[in-house]
Amino acid sequence: MAQEKKYIGTGRRKSSTAQVVLRPGKGNITINGVDVRTYFPYETNVMDLKQPLTVTNTEETFDIEATVRGGGFTGQAGAVRLGIARALLDYDKANEGSETSYRTILKRAGFVTRDSRAKERKKPGLKAARRAPQFSKR
């Protein structure tokens, strides 16, 4: 029996982590065993995670299976997007040096870099990270 080829990528955003598996297929996206449009409540999250596929014109080429843990919907969508981008880089390893390589395209669009922004910690004496208690003169 022939082994089906799969490409794996890991993505992180805020406190979310995503394991993404790309397989040749028709463009079905499954997250934690559920269809992507059912899993994410907002269409913008779905559009956000599909961006690497749109830029590389591979929306109908791969079936995507992702396992996501932690964080909220926005962080999870960002983690899946980075995971998809890394899996596409794994797929396109042979074509890496050329101008039409996925690496060049994805890097130009900013999908290869992890978004390192996370919630700032709360400081002592303040109500939140930077929010101070209301000042009262008297």
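Right, let's walk through the structure included here. Everything numeric in this text was worked out from a predicted model, so none of it was measured.

**Focus on the nonpolar core**
General note: in soluble globular proteins, nonpolar side chains tend to be found buried as a group.
Step number 1: Ile 31 and Val 80 are the most contacted members of the largest nonpolar core, which has 28 residues in total.
Step number 2: Of all elements in the fold, only strand 2 (16-24), strand 3 (29-31), helix 1 (36-39), helix 2 (43-55), strand 5 (62-69), helix 3 (73-91) and helix 4 (102-109) reach the threshold of two or more residues within this core.
Step number 3: Sorting elements by how many residues they give to this core places helix 3 first, with eight residues.
Step number 4: Excluding residues within four positions of it along the chain, Ile 31 makes contact with Val 36, Tyr 39, Phe 40, Leu 49, Ala 66, Val 68 and Val 80.

**Concerning the packing of aromatic side chains**
Step number 1: Tallying each qualifying case throughout the model produces five aromatic pairs.
Step number 2: Measuring from ring centre to ring centre gives 5.1 Å for Tyr 7 and Tyr 91, while their planes differ by 85°; the resulting arrangement is edge-to-face. With Tyr 7 in strand 1 (residues 7-13) and Tyr 91 in helix 3, this pair connects stretches of sequence that are 84 residues apart.
Step number 3: On the numbers, 4.9 Å between centres and 80° between planes, the contact of Phe 62 with Tyr 91 is edge-to-face. One end of the pair, Phe 62, is in strand 5; the other, Tyr 91, is in helix 3, and 29 residues separate them in sequence.
Step number 4: For Tyr 91, a relative accessible area of 35% puts it in the partly exposed group.

Definitions and limits used
- Residues numbered from 1 in each chain as written.
- Predicted model: local features only at pLDDT ≥ 70, side-chain atom pairs only at ≥ 80, totals over all residues.
- Heavy atoms only, no water.
- Core = buried A, V, L, I, M, F, W, Y, C linked by side-chain atoms within 4.5 Å.
- Buried < 20%, exposed > 50% of the residue type's maximum accessible area, 1.4 Å probe, protein only.
- Helix = DSSP H or I, 4+ residues; strand = E, 2+ residues; numbered from the N terminus.
- Contact = heavy atoms within 4.5 Å.
- Phe/Tyr/Trp six-rings, centres within 6.5 Å; stacked < 30°, edge-to-face > 60°.

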